[in-house]
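# Remarks on the overall topology
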Amino acid sequence: MDGARSEAGAGATIVGVIGSPVAHSLSPLLHNAAFAALGLADEWRSFAFEVPPGQAAAALEAMRLSRVTGLSVTMPHKADVAALVDECSDVARRLGAVNCIVNRDGALFGTNTDGEGFVSSLARGAGFAPEGRRCVVVGAGGAARAVVLALAVGGAAQVAVVNRTPERAYEAAELAGPVGSVVPLTEGSIAEAVAAADLVVNATPVGMAGVAGQTGGPGVWLVPPDLLEPGQVAADLVYAPRVTPWLAEAVACGATAVDGLGMLVHQAAAQLVLWTGVEPPVEAMWRAAEAASPREG
Ligand code: NAP
């Protein structure tokens, strides 16, 4: 983090992202695009910091000492950081995961903007608001948990979780309180849950570029995309590629698609507000994200 300070100039305010591997992260690009659009490019700079697994405590200590103002937190540090910060938001505490740290004069505040970023991406991509709607979330990992909680907080009528490992499905569904449920892993139960849904979310890495054997297809997808139909929203948290095979097939069946880039942009925008206190230039961030991750085909 000292290297970033000298590269940015002694007076600059430093933010960034910690993760491993982190070189591929679009976060610094999004942050720096926002700073440029705000006319703050000389005063604020964002960097990617490679922090090996298990080293989050050292990174946070460096953050305190080097007066880094804010950090985005990505894999594999989100749970570790939740246990290391001085104070957690209610959302981060419930999720047990922090994706954003704010340095308040050496006291580190952790929160999680993934869920609100997802809900904003639904509004922008499909004009969809969760209130009163029935939702199915596929997956029960960190991203799925953030989505389940945000949908419930947003007033969803039902948040049903489908996951390969049922125990984790129950833990995730619990986050939604009385509107949470678990879908049994049978063809009939899954088809019934999807038929009743307004929104179906893929929150697994299936379909992600570079994930061996996980491009998807019959027998791999827990929720076959051909169960979707017009009037339903299909959201995929994967953003590389922008259009996964699951999303492409759901669209071919008439569903409205929301890809994962929107969640990435909006969770970053929510972090910028916390760091700078100013309204983030979301459109400029979108343009930077679209340029770095164009929709193919
Ligand atoms: P994670 O914590 O590792 O959880 C992965 C989940 O996917 C688990 O529930 C796992 O099931 C399930 N899963 C993995 N492989 C599967 C397979 N072959 N078939 C069925 N289920 C499978 O990961 P995460 O952090 O939640 O991330 C999930 C995805 O969301 C990743 O692709 C990530 O890039 C994306 N993401 C996107 C954004 C964004 O801003 N767009 C933000 C965060 C994450 P088990 O419980 O059975 O292991």
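Residues numbered from 1 in each chain as written. Predicted model: local features only at pLDDT ≥ 70, side-chain atom pairs only at ≥ 80, totals over all residues. Heavy atoms only, no water.

### So, the domain arrangement of the chain
Our working definition: Note that domain bounds follow an automatic or database assignment of domains. Here, residues are in contact when the closest pair of their heavy atoms is within 4.5 Å. When two parts are brought into contact, each loses some accessible area as probed by a 1.4 Å sphere; the total of that loss over both is the buried area. Salt bridge criterion: a side-chain nitrogen from Lys or Arg within 4 Å of a carboxyl oxygen from Asp or Glu.
Parsing the chain into structural domains produces domain 1 (2-112 + 267-292) and domain 2 (115-259). Across the contact, ten residues belong to domain 1 and ten residues belong to domain 2. In this assembly, domain 1 packs against domain 2 so that about 910 Å² is buried in total across both faces, 52% of it on carbon and sulfur atoms. In terms of surface lost to domain 2, no three residues of domain 1 exceed Arg-94, Leu-95 and Trp-286, which account for 52% of the buried area on that side. Inspection of the region where domain 1 meets domain 2 yields two salt bridges.

### Examining the environment of Pro-230
Put simply, the rule is: Helix numbering and strand numbering both begin at the N terminus, where a helix is a DSSP run of H or I of at least 4 residues and a strand a DSSP run of E of at least 2. The classification of residues rests on relative accessible area computed with a 1.4 Å probe and restricted to protein chains. Under 20% of the type maximum is buried, over 50% is exposed, and intermediate values are partly exposed.
Summarising the element assignment, Pro-230 is placed in the loop between β10 (199-202) and β11 (233-236). By relative accessible area, Pro-230 is classed as exposed at 59%. With 25 residues separating them along the chain, Pro-230 and Ala-255 place their C-alpha atoms 4.7 Å apart. Ignoring sequence-local partners within four residues, the contact set of Pro-230 consists of Cys-253, Gly-254 and Ala-255.

### Regarding the sheet that holds strand β12 (residues 256-258)
Neighbouring strands of a sheet are bound in pairs by backbone hydrogen bonds; such pairs are parallel or else antiparallel. As a reminder of what qualifies: Pairing between strands requires that DSSP locate at least two bridges from one strand to the other. Here an angle of 0 to 180 degrees is reported between the N-to-C directions of two axes, which are lines fitted to C-alpha atoms, with helices fitted over the stretch in contact.
Spatial strand order, β9-β8-β7-β10-β11-β12: six strands in an open sheet with parallel pairing. A single partner strand is all that each edge strand has here, and the edge strands are β9 (180-182) and β12. Between one strand and the next, the sheet's axes are offset by a mean angle of 20°, whatever the strand orientation. As judged from the five bridges shared by strand β7 (residues 134-138) and strand β8 (residues 158-162), these two strands associate in the parallel manner. Within β8, the position partnered with Cys-135 by the bridge is Val-159. Along the sheet face, helix α8 (residues 166-174) touches β8 and β9 and points at about 170° away from the line of β9.

### Thoughts on the site of the ligand
Quick reminder of the rule: Proximity is defined per residue: if any heavy atom of the residue lies within 4 Å of a molecule or strand, that residue is considered near it. Counted as a polar contact is a pair of N or O atoms within 3.5 Å, where, for protein atoms, one must be capable of donating a hydrogen and the other of accepting one, and residues adjacent in sequence contribute only when both atoms are in side chains. Note on areas: these come from Shrake-Rupley sampling with a 1.4 Å probe, and a residue is covered only by the protein chains present in the view. When residues are sorted by character, Ala, Val, Leu, Ile, Met, Phe, Trp, Tyr, Cys and Pro go into the nonpolar class, Asp, Glu, Lys and Arg into the charged class, and all the rest, Gly among them, into the polar class.
Residues in contact with the ligand amount to 21 residues; listed here are only the nearest, Ala-140, Ala-143, Asn-163, Thr-165 and Gly-260. Between the ligand and Thr-165 there is a distance of 2.5 Å, counted from an oxygen atom to a side-chain nitrogen or oxygen. Within the backbone of Leu-237, an N or O atom sits 2.9 Å from a nitrogen atom of the ligand. Burial of the ligand by the protein amounts to 82% of the accessible area it has alone, namely 920 Å². Counting only elements with at least two residues in the shell around the ligand, the list comes to α7 (142-153) and α11 (261-276). A class-by-class count of the residues in the shell around the ligand yields eleven nonpolar, eight polar and two charged.

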